[in-house]
Amino acid sequence: MRVAVIGASGYSGAELTALLLAHPAVDELHLVSRTYAGQPLAAVLPHLRQPLARVAKPWAQDLHFEALSPEAVASQSDCVFCATPAGAARPLARAAWEAGIRLVDLGADFRLHDATLYPKFYSFAHDEQTLPLLSVAVYGLSEWYRAAIEVARLVANPGCYPTATLLSTLPLARAGLLGEGTVSVVGLSGVSGAGATPAAGYHFPEMTENTRPYNVLRHRHTPEMEQELSQVAGHPVAVAFVPQLVPMSRGILTTSFLPLARSATTAELLSIYRETYQDSPFIRVLGEEYLPQTKAVQGSNYCDLTVRATADGRQAVAWAALDNLRKGAAGQAVQNMNLMFGLPETTGLEAVPLWP
């Protein structure tokens, strides 16, 4: 496979690059960066200096960042990843579609089915050239939409917060257990989720020994959660989302409070989760004796989750932990690429979590 990564110098792009260098099915890799075009890979991403892949892939020894040309990227690739800011993937997706190749967008450009939501939550609107792509884009939550992803040409990789939230709440929605009322979600995230571009409030003196909420009840990932929960539940679902930054580099932990349509026990809820994910190699459903933690999934494509029923059985509390740069971004993107090209979905993603 010939693969290109647009935005390869960012945090998600760098994670993608590392995964693709070691991926057994990748025979050619193009790394695109507006900022670092012409510079060698090691000068920008020193952790990828002399990758072990050079033994089997001689071309990996001399990788340089390339300038952006949507048409050139499309002509020399079988699969394109866009790890770009919101709105930037639209012309790239159009070029890929016209060239008949496949594209996975790690950004938000094609996640929402309702085009009217983009000006409200993002700084762009779809035009007549990219609006038709919304109807063919497949939401890339790997464990829930495998069949559609396998035949897709355009996959919208979910956001990191929605990936954790949806993986831990959709089983109840599909089982018909999600009752009327608002689903409340608290999400804790490492600072790498804000991206590699420096910004006020993310500098070390302000983040260390500090935790703070941001974009409360208006975060751009909220409509994504509502869209998928409503679709699976079969009725409108409102989400009250409170994201919070914590002083760590990577990791996400979500806690979701869900009203139940009928009384249920923890054992019954856990049984539903285990049945839902019995064929999902990257989902680890924890029992009653454990709760998810970010350290246990760091550097891996795993998502640890569990659920508890309240004493009266009328409300559920669900947790999920994942690495925002792996399962929440690059890892899930590669998982989707594997599905799109008929490979085992675990290919190139077998790394165990880092500990401690």
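Keep in mind that this is a model prediction, so the values were computed, not measured.

*Asks:* Just checking my understanding: could you explain the packing of helix α1 (residues 11–21) against helix α12 (residues 326–340) for this structure?
*Replies:* Helix packing for two helices is described by the angle between their axes and how far apart those axes are. Put simply, α1 and α12 touch, their axes get as near as 9 Å, and they point 45° apart. Put simply, α1 runs oblique to α12. Read as a crossing pair, α1 and α12 show a hand that is right-handed. Where α1 abuts α12, its residues S12, E15, L16, L19 and L20 lie against R326, A329, A330, G331, A333, V334 and M337.

*Asks:* Could you clarify how one ought to interpret unusual backbone geometry in this entry?
*Replies:* Both trends apply: most residues other than glycine have a negative phi, and most peptide bonds are in trans. Each neighbour pair has its own omega, and for W355 with P356 the value is 0°, a cis peptide bond. A positive phi angle, near 55°, is found at E209, a position not held by glycine. Tracing the chain through its elements places E209 in the loop between α9 (204–207) and β9 (212–213). One non-glycine residue with positive phi stands out, namely N215, at about 45°. Here N215 lies in the loop between β9 and α10 (222–233). We classify N215 as partly exposed; its relative accessible area is 30%.

*Asks:* Would you take a moment to explain α12 for this structure?
*Replies:* Helical geometry note: an α-helix holds 3.6 residues per turn, so side chains three or four residues apart project in the same direction. In this model, α12 (15 residues) spans only 18 Å end to end at C-alpha, well below the 21 Å of a helix rising 1.5 Å per residue. For α12, the principal kink sits at Q332 and spans about 45°. In terms of residue burial, α12 counts as a mostly covered element, since 15 of its 15 residues are buried. G342 lies just past α12 and shows a positive phi near 75°.

*Asks:* Would you take a moment to explain the packing of aromatic side chains for this structure?
*Replies:* Within a pair of aromatic rings, the relevant descriptors are the distance that separates the centres and the angle that separates the planes. A full pass over the atoms with the stated rule returns eight aromatic pairs. Relative to F65, the ring of Y36 lies with its centre 6.3 Å away and its plane at 45°, an arrangement referred to as tilted. Here F65 lies in strand β3 (residues 65–66) and Y36 lies in the loop between β2 (28–32) and α2 (41–44), a separation of 29 residues in the sequence. Judged by its relative accessible area of 31%, Y36 falls in the partly exposed class. You can call F65 buried: its relative accessible area is 2%. Ring geometry for Y118 against F124: centres 5.2 Å apart, planes inclined by 40°, an arrangement best described as tilted. Exposure class is identical for Y118 and F124. Each is buried. A network of ring pairs unites the aromatic residues Y118, Y122 and F124 as a single cluster. Across the ring face of W97, the terminal group of R153 is positioned such that the distance to the ring centre comes to 3.8 Å. The ring of Y202 carries the charged tip of R212 above its face, separated from the ring centre by 5.7 Å.

*Asks:* How should I be thinking about the pairing of strand β13 (residues 303–309) in this particular structure?
*Replies:* Regular strands place their side chains on alternate faces of the sheet. Of all seven residues making up β13, seven are buried, and the element is well covered by its neighbours. Going residue by residue along β13, you find C303, L305, V307 and A309 tucked away on one face and D304, T306 and R308 tucked away on the opposite face as well. Summarising the sheet, strand β12 (residues 283–285) and β13 pair through three bridges and their orientation is parallel. Across the sheet, residue I283 finds its bridge partner in β13, namely C303.

*Asks:* Help me understand the side chain of T347 in this model?
*Replies:* Inspection of the secondary structure puts T347 in the segment after α12. Taking relative accessible area as the criterion, T347 reaches 12% and is therefore assigned buried.

*Asks:* Sorry, what's going on with the environment of F341 here?
*Replies:* By the secondary structure assignment, F341 is in the segment after α12. Sequence separation of F341 and A152 is 189 residues, and the distance between their C-alpha atoms is 9.8 Å. Beyond its immediate sequence surroundings of up to four residues, F341 is in contact with M1, D78, C79 and R102.

About the thresholds
The numbering scheme is per chain: residues are counted from 1 as the chain's sequence reads. Only residues with pLDDT of 70 or above have their local features reported here, since the model is predicted, and side-chain atom pairs are shown and tallied only from 80 upward, although totals for entire chains, interfaces and linings are computed over all residues. The side-chain numbers reported here are obtained from all heavy atoms of the structure, hydrogens and water having been left aside. An axis is simply a line fitted to the C-alpha atoms; with a helix, the fit covers only the stretch in contact. Between two such axes, the angle follows the N-to-C directions and lies from 0 to 180 degrees. Helix and strand assignments follow DSSP, with helices taken as H or I runs no shorter than four residues and strands as E runs no shorter than two, numbered in order from the N terminus. Any angle that falls under 35 degrees is termed roughly parallel, while one over 145 is termed roughly antiparallel, one within 65 to 115 roughly perpendicular, and all others oblique. With the far helix as reference, a near helix turned anticlockwise by less than a right angle produces a left-handed crossing, and one turned clockwise produces a right-handed crossing. For this analysis, residues touch if any pair of their heavy atoms sits within 4.5 Å. Three exposure classes are used, based on accessible area relative to the maximum for each residue type with a 1.4 Å probe and protein chains only: buried under 20%, partly exposed in between, and exposed over 50%. In this scheme, a helix's expected span is set at 1.5 Å multiplied by one less than its residue total. At every residue, the bend is computed as the angle between two fitted axes, covering the seven residues ending there and the seven beginning there respectively. Each pair of aromatic rings taken from Phe, Tyr and Trp, with Trp reduced to its six-membered ring, is defined by centres within 6.5 Å and is described as stacked if the planes are under 30 degrees apart, edge-to-face if over 60, and tilted in the remaining cases. Lysine NZ or arginine CZ positioned within 6 Å of the ring centre and within 35 degrees of the ring normal marks a charge as sitting over the ring. In short, DSSP must find at least two bridges between two strands for them to pair.

Purely geometric numbers; function is a separate question.
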